[in-house]
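Coordinate inspection notes
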Amino acid sequence: MPQHVQQQRSSHGRIATRRLRRGAAVRASAQNDRTKRAAAPPMSELVTAEDEETRMWRERVRSFFCCRWRLCNTSFGSHTTNNPHNPRVFPKQNIETQAEDNERKLEQMTLQMQRLQQSVDATSETRPNVNAPPPQSRQVSDTTNEDGSDVSPSGNSKRLLYTQGLTLEPALKEFWYPVDYSSRLDGGTLIPLELFDIPWVIWRNNEGEVCAVKDSCAHRACPLSLGKVSETGCVQCPYHGWEYDKSGTVKKMPSTPFARNVKVENLVVREADGLIWAWPGEPSRAESTPIPSLLPEGSNFEQHAQIQLDVPVEHGLLMENLLDLSHAPFTHTSTFAKGWPIPDSVKFHLDSGMGIVSGAWDPYPIDMQFVEPCFVISTIGLAAPGDIRRGVKAEDCDKHLRQVHACVPASEGKTRLLYLMHLDFWPWMKNLPLMEELWLSQANQVLGEDLRLVLGQQERMLKSQGDVWGAPVAYDKVGVRYRRWRNQLASCDETKCEVETTELD
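A short tour of the structure in this document, coming up. Because the structure is a prediction, the values reported are computed rather than measured. (Residues numbered from 1 in each chain as written. Predicted model: local features only at pLDDT ≥ 70, side-chain atom pairs only at ≥ 80, totals over all residues. Heavy atoms only, no water.)

**Here's the deal with the pattern of salt bridges**
Just so we agree on the cut-off: Just to be clear on terms, a salt bridge is a Lys or Arg side-chain nitrogen sitting within 4 Å of an Asp or Glu carboxyl oxygen. Secondary structure is summarised from DSSP: a helix means a run of H or I of at least four residues, a strand means a run of E of at least two, and numbering begins at the N terminus for each.
Applying the stated criterion to the full structure yields 13 salt bridges. Between Glu302 and Lys430 there is a salt bridge, and its shortest N-O distance comes to 2.8 Å. With Glu302 in strand β13 (residues 302–311) and Lys430 in the loop between β19 (414–423) and α7 (435–462), this residue pair connects regions lying 128 residues apart in the sequence. Within the structure, one salt-bridge network assembled from shared partners comprises Asp180, Arg184, Asp310 and Arg416.

**Here we look at the packing of helix α5 (residues 315–322) against helix α8 (residues 477–491)**
Note the following rule: Here, axes are lines fitted to C-alpha atoms. For helices the fit covers the stretch in contact, and angles between N-to-C directions go from 0 to 180 degrees. Angular relationships are summarised with four words: roughly parallel below 35 degrees, roughly antiparallel beyond 145, roughly perpendicular across 65 to 115, and oblique for the angles in between. Contact criterion: two residues are considered in contact whenever any of their non-hydrogen atoms come within 4.5 Å of each other. All residues other than Ala, Val, Leu, Ile, Met, Phe, Trp, Tyr, Cys, Pro, Asp, Glu, Lys and Arg, Gly among them, are scored as polar; the first ten of these are nonpolar and the last four charged.
The geometry of α5 relative to α8 is characterised by a closest axis approach of 9 Å and an angle of 155° between their N-to-C directions. By the angle between their directions, the pair α5 and α8 is classed as roughly antiparallel. Here α5 contributes His315, Gly316, Met319 and Glu320 to the contact with α8, which in turn contributes Tyr482, Arg483 and Arg486. Looking at the contact of α5 with α8 residue by residue, the classes come out as two nonpolar, two polar and three charged.

**Re unusual backbone geometry**
What counts here: Between buried and exposed lies partly exposed: a residue is buried under 20% and exposed over 50% of the maximum accessible area for its type, with that area taken using a 1.4 Å probe on protein chains only.
A cis amide bond links Asp362 to the next residue, Pro363, at an omega of 20°. Tracing the sequence through the fold places Pro363 in the loop between β15 (357–362) and β16 (366–371). Positive phi, close to 60°, is recorded for Asn261, a residue that is not glycine. Mapped onto the elements, Asn261 comes out in the loop between β10 (250–252) and β11 (268–272). Phi at Ser464 takes a positive value of approximately 55°, unusual for a residue other than glycine. Summarising the element assignment, Ser464 is placed in the loop between α7 and α8. With a relative accessible area of 61%, Ser464 lands in the exposed category.

**Details of the nonpolar core**
Operational definition: Nonpolar core, defined: a set of buried Ala, Val, Leu, Ile, Met, Phe, Trp, Tyr and Cys residues in which side-chain atoms within 4.5 Å join the residues together. Domain ranges listed in this record stem from an automatic or a database domain assignment.
Of all hydrophobic cores here, the largest spans 84 residues; its most connected members are Leu195, Trp361, Phe370 and Trp485. It is α7 that contributes the most residues to this core, seven residues altogether. Residue assignment places this core across two domains, with domain 1 (170–284) and domain 2 (301–491) each supplying three or more. Counting residues in each nonpolar core, the second largest holds 16 residues, with Val201, Cys211, Leu224 and Tyr244 among its members.

**Regarding the pairing of strand β12 (residues 275–279)**
How we decide: Strands were regarded as paired on the criterion that DSSP finds at least two bridges between them.
With five of five residues buried, β12 lies mostly within the body of the structure. Side chains of β12 alternate between two faces, with Leu275, Trp277 and Trp279 and Ile276 and Ala278 buried alike. Remark: two residues form the turn of the hairpin made by β11 and β12, two consecutive strands paired antiparallel; Asp273 in that turn has positive phi of roughly 55°.

**Examining the sheet that holds strand β8 (residues 235–236)**
Spatially, β7-β8-β9-β10 is the arrangement adopted by the four strands of the open sheet, whose pairing is antiparallel. Of all strands in the sheet, those bounded by a partner on one side alone are β7 (228–229) and β10. Direction of pairing for β7 relative to β8: antiparallel, over a ladder of two bridges. Its bridge partner being in β8, Val229 is matched across the sheet by Val235.

Next comes the structure, spelled out in structure tokens:
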């Protein structure tokens, strides 16, 4: 036998062997599958219960696709034979008629599917998304018993607390805000500041009036705060010398023909109680809105410190920190709360004082108020200078320290903090040298202890890694009331806002 024939037969033998092996493997696999199916539990035990609405949608979708399959087989089945036993094949003379019927049926099914999809969409909007991340919200009780024991959500006491991230609610603009101290603004000083994400510059004109315009030249957007106050009392741009008056109108354009009707935006500002106040909202409402008074009652108090600090924290988080006294013995261990014992219980007793929230802390001799929109006012009773006694009320003490924190919203994630401190004892102390520096150093130390914590809160809030109001308890009453006020302000319209904020208590 020729050699090439032997090689060919040998090759054919190897191929046949491989085919036999593959066939045996396939048969063994099929046998294993049959064995597994026989041992598996009935399908009825694996099917989970479905509600009736889910079954309805499932049957509709199944019927649609079954019908679609039949239509496709009818329209696109083979027509090369006239086999009467094949239900998918029709005589050639009926093909055109059947195709038209199929097209009409397909259009009807398409319309039905569109209605079905609309119904599914409408239903899904009302169902919660189980895959969505949890919102930064919590149903909590905003009120507690005077003994501080009941803080669980129940009945009508439930309120929705949520944070807006760094978003500043537009309704917050409809208030007066202190932006600086009158004593800091002399005739030639320019003070730049931010208010609701807009840069401004303030100065005094030759008439002694406080002026404020947008800190951006209409010519080339150069910061006007880098310039100076001109001889005419206008702010002069350092780039090309353009000058603006208190209305923001250009009064001078050196080295070029004067162009009319060029101006920048101006800000409504007033002076009261030694502070410069700004109105960032609708200018027409400023005149009808009174400026709040931050001065203490009585003639015994003397101002000892006025401090301005820029804080890289959203002003709401800073407000909630200042409205919380229970953290003092844990956080301020190097400053005013050094050596404070940890009390068994911290409570806040509400009263009918001024502001949205007013009351007294227990066991500390400290009265506190939240006054809209951004003021935390505290009156601390001292048994002796620097000595805070537990179990004593502020009104029972002979000496008092009164402080005002004004947390002005500068921009997203930034606060312009103004701090005022009054004492009703030792009036001569304010005239001692370096006292301003001493109070400033103390304020920076206290703020530093708080800042590292609040910055961490802000970071987790922005990354959705934590809920700022995840589990409020009894001593969070003041902060809860502030957050409720912010939530009401964000959701109410102009006609209801004043009414709803008065109903918070």
